[in-house]
2 protein chains.
Amino acid sequence: MSLFRPCVERMKGYTPGEQPQESGWVKLNTNENPYPTSPAVLQAIERAAGRLNIYPDPLSTPFRKAVGELFGINPEWILPANGSDEVLTLLMRTFVGPGETIAYPYPSYVLYETLGEIQDAQVKRILLNPDWSWDLPRAKAELADVKLLFVPNPNSPSGTLWSDEDLLALVPPNGLLILDEAYGDFRDQPHRMELLKSGPGSRIIVTRTLSKSYSLAGLRLGFAAGHPELIAGMRKVKDSYNCDMLSLAAGEAAIRDQSAMLANRGRILQTRQRLTVALTKLGFNVFPSQANFVWATHPDRPHRSIYEFLKSNRVLIRYMSFPHAVGTGTQSAPAGIDGLRITVGTDEQIDRLLVVLEKA
Amino acid sequence: MSLFRPCVERMKGYTPGEQPQESGWVKLNTNENPYPTSPAVLQAIERAAGRLNIYPDPLSTPFRKAVGELFGINPEWILPANGSDEVLTLLMRTFVGPGETIAYPYPSYVLYETLGEIQDAQVKRILLNPDWSWDLPRAKAELADVKLLFVPNPNSPSGTLWSDEDLLALVPPNGLLILDEAYGDFRDQPHRMELLKSGPGSRIIVTRTLSKSYSLAGLRLGFAAGHPELIAGMRKVKDSYNCDMLSLAAGEAAIRDQSAMLANRGRILQTRQRLTVALTKLGFNVFPSQANFVWATHPDRPHRSIYEFLKSNRVLIRYMSFPHAVGTGTQSAPAGIDGLRITVGTDEQIDRLLVVLEKA
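None of these values were measured; they are calculated from a predicted model.

Visitor: Would you explain the relation of the copies chain B and chain A in this entry?
Guide: Note: a rotation about an axis with an accompanying shift along it relates these two copies of the chain. Overlaying chain B with chain A gives an RMSD of 0.0 Å, the required rotation being 180 degrees about an axis along which the chain moves by 0.0 Å. With respect to symmetry, the two chain copies, as superposed, fit the operation of a two-fold axis. Nearest to the rotation axis, the C-alpha of Glu-46 of chain B is located 3.6 Å from it, this being the minimum over chain B. The share of interface residues of chain B whose copies in chain A are also at the interface is 100%, consistent with both copies meeting through the same surface.

Encoded structure:
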């Protein structure tokens with residue numbers, strides 16, 4: 001007799017992007033920021049390291065205050081967690097019972113599906129149009145029984161953005177819209193939590209991470225922003241000390257040093273433009289990206305072999321395939337799509353990528 | 001209509017010990033180690049802080065290796081997590097479905113009950129004898145439907161220890177024994193994972209934290225040790241990057257510097273002895289403790305008012321009450337018990353405590 005819950009027994013588990021532990025790689029596969037974080041962050045870590053024998057503040061008050069000031073919202077609207085991964089997990093555990101339904105657009109971030117499986121939820125993929133837009137009437141027809149609809153904006157792997165109008169139309173009538181803004185700071189016009197202050201705002205929770213724009217993937221810090229009543233429920237579910245003292249100190253310093261984040265963001269946006277042009281010249285189709293990565297497809301070269309050739313040259317990008325997506329199939333029998341997701345690294349990293357790609 | 005899961009809606013949430021954020025307190029309420037961690041830990045944090053823009057190793061390989069070497073077990077037997085709190089949460093999410101039963105001895109660590117509520121589990125309190133021993137025949141009769149039995153050893157708040165024989169007798173016939181060794185390093189003879197290597201070892205999972213003996217409560221790092229098949233299932237449920245880069249580097253350094261941990265442990269054991277004698281002289285009943293705290297009761301002074309008097313003098317200890325425990329009641333209508341749990345601080349902190357207690 002298996003001791004595991006049946007939903008855990010049958011699931012495969014999520015496979016994160018490769019994380020080679022040795023150096024020498026041009027690593028463009030997990031959307032990390034290639035630039036170091038603010039020096040103020042390192043100072044904050046050094047200061048906090050002196051009192052590690054004591055528990056952290058279970059309410060993360062100074063960090064929440066810094067985030068609240070940044071977005072002009074009350075700290076009661078903020079729940080910090082171990083990366084936005086933990087925010088997503090807490091959302092599932094707070095709002096979704098076994099057998100209940102979650103949904104997400106497809107192709108998109110398949111981790112939502114894994115988290116749904118762990119919670120023994122029904123998972124609905126809402127198929128996107130081939131140009132990554134929503135088929136809104138069909139999507140809305142699917143939302144009646146949805147407790148949580150997860151929408152990454154910008155989307156991964158496409159890097160595309162949906163409009164506020166689309167998002168507001170997608171708030172489930174009996175549930176919540178989870179707006180995953182992991183890549184939000186790389187938009188031309190970042191969202192400043194205005195949607196939370198709109199009419200349907202009490203039915204929206206925004207998730208954010210410091211992994212990408214603040215160059216802190218190694219630190220594991222993210223947060224949810226939403227109506228205080230929703231946040232209070234999530235707080236009951238989180239571990240008392242879910243965020244450690246170093247992360248909270250570092251996170252506060254990072255949030256308070258907007259100029260460091262914005263300087264790195266500016267560099268990445270410039271390189272993104274250069275990468276997009278260069279890939280297009282090499283014959284790739286590249287969707288205009290609002291994130292720190294681009295989604296590239298090639299009309300006649302197999303994507304997997306491009307990925308493998310790059311890898312054999314120590315350049316790591318992400319090959320992604322989405323079975324049963326829209327692609328070239330019909331709505332009733334959709335075919336799969338695949339392609340290459342390439343993180344926007346430094347100019348030097350992108351030079352190296354392009355040199356190897358030209359050889360391919 | 002509430003959007004929360006009914007089990008979350010109706011639960012109260014766990015209240016951790018007070019964590020005053022201002023200085024000036026003698027803090028003896030949450031079993032923190034009063035001594036600083038190893039200098040090697042601070043060096044490891046400084047080194048790791050230089051590459052925070054990259055994700056941590058999702059498998060935490062060097063940390064697992066260090067733990068494996070310490071206990072003479074394969075790293076495949078180890079699952080690191082954000083404090084043993086997260087280990088406990090992962091155990092629930094991996095093994096306990098809604099409506100299934102968990103159990104724990106009572107009075108003990110009531111967080112198990114909160115975690116059970118979040119998972120919508122049935123929670124069974126197995127009443128201990130008034131001397132904190134198990135009523136083994138009765139306990140065993142209650143275990144048939146138990147998926148997870150959580151047993152802290154040493155127990156909190158009593159600081160008492162149960163024998164290996166008792167523990168082996170308590171492995172649920174259709175579930176797992178979770179041996180919570182948060183305070184295990186403070187035992188006269190610490191458990192070296194021998195129980196995992198015993199016959200019923202494949203039905204036991206040990207949880208450990210670096211919060212207490214390694215002076216790293218602020219870091220949030222703990223781990224599960226158990227049969228690789230059980231650990232592999234838990235790995236599917238954890239977030240990919242549940243442990244951050246700084247914690248893993250610090251934890252590895254801490255585990256590899258046993259002499260620093262053992263020196264602090266030695267000091268705490270000496271002070272524990274002194275505290276026990278002094279409290280007894282003041283008229284308290286103190287159980288011989290094998291942890292870094294003592295449980296003190298007084299025959300005729302109300303415990304809550306002692307706690308409050310100490311608090312008004314900036315000495316923080318923990319007042320704990322357990323309704324429906326054994327105490328002075330009968331087994332069928334048990335009364336509550338209450339008392340004072342006092343962390344073993346430095347000698348100076350204990351001096352201050354005793355001065356104020358004498359005034360009380």
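Visitor: Even after reading the chapter, I still don't get the layout of surface pockets, so can you show me in this structure?
Guide: To locate leftover empty space, one rolls a probe as large as a water molecule over the atoms. Of the volumes computed, that of the largest pocket is approximately 1200 Å³. In this structure, the largest pocket is lined by 46 residues; those nearest its centre are Tyr-14, Thr-15, Val-110, Arg-318 and Met-320 of chain A. Taken together, the elements giving at least two residues each to the lining of the largest pocket come down to α4 (83-95), β3 (101-106), α5 (111-118), α11 (303-312) and β12 (318-322) of chain A. Of the residues in the lining of the largest pocket, the class split is 21 nonpolar, 13 polar and 12 charged. Of the volumes computed, that of the second largest pocket is approximately 990 Å³. Lining the second largest pocket are 43 residues, and of these Tyr-14, Thr-15, Val-110, Leu-111 and Arg-318 of chain B lie nearest its centre. For the lining of the second largest pocket, the secondary structure elements donating two or more residues are α4 (83-95), β3 (101-106), α5 (111-118) and β12 (318-322) of chain B.

Visitor: What should I look at first to understand the sheet that holds strand β10 (residues 293-297) of chain B in this one?
Guide: Within a sheet, neighbouring strands are paired by backbone hydrogen bonds and run either parallel or antiparallel to one another. All names here are of chain B. With antiparallel pairing, four strands are arranged side by side in an open sheet as β9-β10-β13-β12. The sheet terminates laterally at β9 (285-286) and β12, the two strands that pair on one side only. Summarising the sheet, β10 and strand β13 (residues 337-343) pair through four bridges and their orientation is antiparallel. Within β13, the residue paired with Phe-293 across the bridge is Thr-343. Against the sheet, helix α10 (residues 258-281) contacts β9, β10 and β13, and its axis sits at roughly 5 degrees relative to β10.

Visitor: How should I be thinking about empty space enclosed by the protein in this particular structure?
Guide: Applying the stated rule across the entire model yields eight cavities of 30 Å³ or more. Each pocket or cavity is described by its volume, and for the largest cavity that value is around 100 Å³. Of all the secondary structure elements, the ones that give two or more residues to the lining of the largest cavity are α4 of chain A together with α4 of chain B. Across the lining of the largest cavity, the residue classes break down as two nonpolar, two polar and eight charged.

Visitor: Help me understand the packing of aromatic side chains in this model?
Guide: Ring pairs (aromatic) are described by centroid distance and by the angle formed between their planes. Here the structure, examined in full by the defined rule, presents 32 aromatic pairs over all chains. Ring centres of Phe-71 of chain B and Phe-223 of chain B lie 6.4 Å apart, and the angle between their planes is 50 degrees; on these two criteria the pair is classed as tilted. Linking Phe-71 of chain B in helix α3 (residues 61-71) with Phe-223 of chain B in strand β8 (residues 222-225), this pair joins segments that are 152 residues apart in sequence. An aromatic cluster is present here, built from Tyr-14, Tyr-104, Tyr-106, Tyr-109, Tyr-112, Trp-132, Phe-150, Phe-287, Trp-295 and Phe-322 of chain A joined pairwise through their rings. Positioned above the aromatic ring of Phe-293 of chain A is the side chain of Arg-341 of chain A, whose terminal nitrogen or guanidinium carbon lies 5.4 Å from the ring centre.

Procedures and definitions
Residues numbered from 1 in each chain as written. Chains lettered and ligands numbered in written order. Predicted model: local features only at pLDDT ≥ 70, side-chain atom pairs only at ≥ 80, totals over all residues. Heavy atoms only, no water. Least-squares fit on C-alpha atoms with pLDDT ≥ 70 in both. Contact = heavy atoms within 4.5 Å. 1 Å grid on protein atoms, 1.4 Å probe; cavity = no way out; pocket = protein on both sides within 12 Å on 5 of 7 lines; lining within 4 Å. Points joined across faces, edges and corners; volume = space filled by probe spheres on them. Helix = DSSP H or I, 4+ residues; strand = E, 2+ residues; numbered from the N terminus. Nonpolar A, V, L, I, M, F, W, Y, C, P; charged D, E, K, R; others polar. Pairing = 2+ DSSP bridges. Axes fitted to C-alpha atoms, helices over the stretch in contact; angles between N-to-C directions. Phe/Tyr/Trp six-rings, centres within 6.5 Å; stacked < 30°, edge-to-face > 60°. Lys NZ or Arg CZ within 6 Å of the ring centre and 35° of its normal.

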